[in-house]
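Chain by chain, the residues:
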Amino acid sequence: KIFASATLLDEFRSKGIVNTFSGKAVSLASEIKNSTLEKNRFVVVRMFDDDPGRFTDTMVASKLHQQVVIGARIAARAFEAEGIAFVIPKKSDFSIDESLFEGEKVSITYADTSKYPCGTVHKLMRLIRKNSKIPEYEIFSNINHKCLFLDPETCISIHEGIVLGIPVLERFVHVTGSCLKSAGMFKVRIGTSIKDLAQQCGGFNTSPAKIVVNGRIIGTGIADMEIPVTKEIKSVEFLSTSELCVQKSTQCIRCGHCRAICPEHLVPDLLYKMVSEGYLLSKDIAATSVLCGQCALCNSVCPARLPLCQTIEQLNKDGN
């Protein structure tokens, strides 16, 4: 069936479909409805995980890529997009079947997923724009950060909700960690406890010192195993004491490591100082915070253990 955009948005709402591209569950219907783009509207689908410690989106893209493509096409219809851009790993075990498309403009770009970060909005746009030098992909040179960015799990939810009529009741979750007797990939009901997932893996060899959801680099820690699986949880990792680093924060020592590693060439230490100490920065430098892809590399190299990435994210939410 071919539905109008407004009808699809109503269906997205009724089926509880959310977009988890950014790591947070955002109402897909609201995201599309609130878009301010008047032209150059594209859908971008990242066909791999943005955190190298996670495997969920990569697995879904590999095993269910036809359903992902159909979900992306439906999203493009709802977004009234001019085209769909798929970014897939260079060493992937699947390909996009062009016979699934009926006149839509489609771009297929390859990313080197062995290098982190490679899945941020800015990295994806650069890859797609570079690929747009090929005449058949020229229209995608107008890709921008206000386009609709999706991940495979979101596209699967769209396929299940619109094609099969199934609301969002389950999620794919990658469960791993050195503390577990075994690892696994499960499709579980929303509301299932983290503890139940661990039991499905055979329990623990040793008691976990920390539980991390959605990847070691860009994920977050959770308090206990009674926390349920939500729509935005893609992975759970159980870490031992030996895998943890010192978490106590100290003062910035101005080592410059965060600047050297930032893929967007930002100054995380100064942006952090601006927020935490009211340090005066020029408007031009402060405005560079919008380029942050939340890769968290600055956090990983900071010897003072400062929350640089989180502070820059808050700076953007507050509108600089």
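Residues numbered from 1 in each chain as written. Predicted model: local features only at pLDDT ≥ 70, side-chain atom pairs only at ≥ 80, totals over all residues. Heavy atoms only, no water.

(A) Here's a closer look at the side chain of Asn144. When you line up the elements, Asn144 lands in the loop between α5 (121-131) and β6 (148-150). A relative accessible area of 15% means that Asn144 is categorised as buried. For Asn144, the side chain forms a polar contact with the main-chain oxygen of Asn142, separated by 3.3 Å. Polar contacts involving the side chain of Asn144 include one to the main-chain amide nitrogen of Lys146, which spans 3.0 Å. (Helix = DSSP H or I, 4+ residues; strand = E, 2+ residues; numbered from the N terminus. Buried < 20%, exposed > 50% of the residue type's maximum accessible area, 1.4 Å probe, protein only. Polar contact = N/O pair within 3.5 Å; in protein donor to acceptor, adjacent residues only side chain to side chain.)

(B) Structural context of the packing of aromatic side chains. Taken as a whole, this structure holds 4 aromatic pairs when the rule is applied. Taken together, a centroid distance of 5.1 Å and an interplanar angle of 40 degrees make the contact between Phe42 and Phe140 tilted. In this pair, Phe42 sits in strand β3 (residues 42-46) while Phe140 sits in the loop between α5 and β6, placing the two residues 98 residues apart along the sequence. Each of the two residues, Phe42 as well as Phe140, counts as buried. With a centroid separation of 5.9 Å and 65 degrees between ring planes, the pair formed by Phe86 and Phe101 is classed as edge-to-face. In this pair, Phe86 sits in strand β4 (residues 83-89) while Phe101 sits in the loop between β4 and β5 (106-111), placing the two residues 15 residues apart along the sequence. We note that Phe86, like Phe101, is buried. (Phe/Tyr/Trp six-rings, centres within 6.5 Å; stacked < 30°, edge-to-face > 60°.)

(C) Up close: the sheet that holds strand β10 (residues 220-222). Reading across the sheet, the 5 strands line up as β8-β7-β11-β9-β10 and stay open at both edges, with mixed pairing between neighbours. The open sheet has two edge strands, β8 (184-189) and β10, and neither has a second partner. Across this sheet, the average inter-strand angle for adjacent strands is 30 degrees, counted without regard to direction. Note: strand β7 (residues 170-176) against β8, 6 bridges, orientation antiparallel. By the bridge assignment for β8, Val175 is matched with Gly184. Strand contacts of helix α3 (residues 56-63): β7, β8 and β11 (235-239), with the helix running at about 120 degrees to β7, the strand carrying the most contacts. (Pairing = 2+ DSSP bridges. Axes fitted to C-alpha atoms, helices over the stretch in contact; angles between N-to-C directions. Contact = heavy atoms within 4.5 Å.)

(D) The arrangement of empty space enclosed by the protein in detail. Tallied over the full model, the rule gives 3 cavities of 30 Å³ or more. For the largest cavity, the lining is made up of 17 residues, of which Cys262, Pro263, Cys292, Cys295 and Cys298 are closest to its centre. Secondary structure elements with two or more residues in the lining of the largest cavity: α11 (297-301) and α12 (308-317). When its residues are assigned to classes, the lining of the largest cavity shows 13 nonpolar, 3 polar and 1 charged. Every residue lining the second largest cavity is listed: Cys252, Ile253, Arg254, Cys255, Gly256, Cys258, Asp269, Cys302, Pro303, Ala304, Leu306 and Leu308. Of the residues in the lining of the second largest cavity, the class split is 9 nonpolar, 1 polar and 2 charged. (1 Å grid on protein atoms, 1.4 Å probe; cavity = no way out; pocket = protein on both sides within 12 Å on 5 of 7 lines; lining within 4 Å. Points joined across faces, edges and corners; volume = space filled by probe spheres on them. Nonpolar A, V, L, I, M, F, W, Y, C, P; charged D, E, K, R; others polar.)

(E) Broad picture of the nonpolar core. Of all hydrophobic cores here, the largest spans 55 residues; its most connected members are Phe12, Val45, Met47 and Phe86. With 8 residues, the top contributor of residues to this core is helix α4 (residues 65-79). When residues no more than four places from it in sequence are discounted, the contact partners of Met47 are Thr58, Ala61, His65, Val68, Phe86, Val87, Ile88, Pro89, Phe94, Ile96 and Pro152. Of all hydrophobic cores here, the second largest spans 17 residues; its members include Val175, Phe186, Val188 and Ile211. (Core = buried A, V, L, I, M, F, W, Y, C linked by side-chain atoms within 4.5 Å.)

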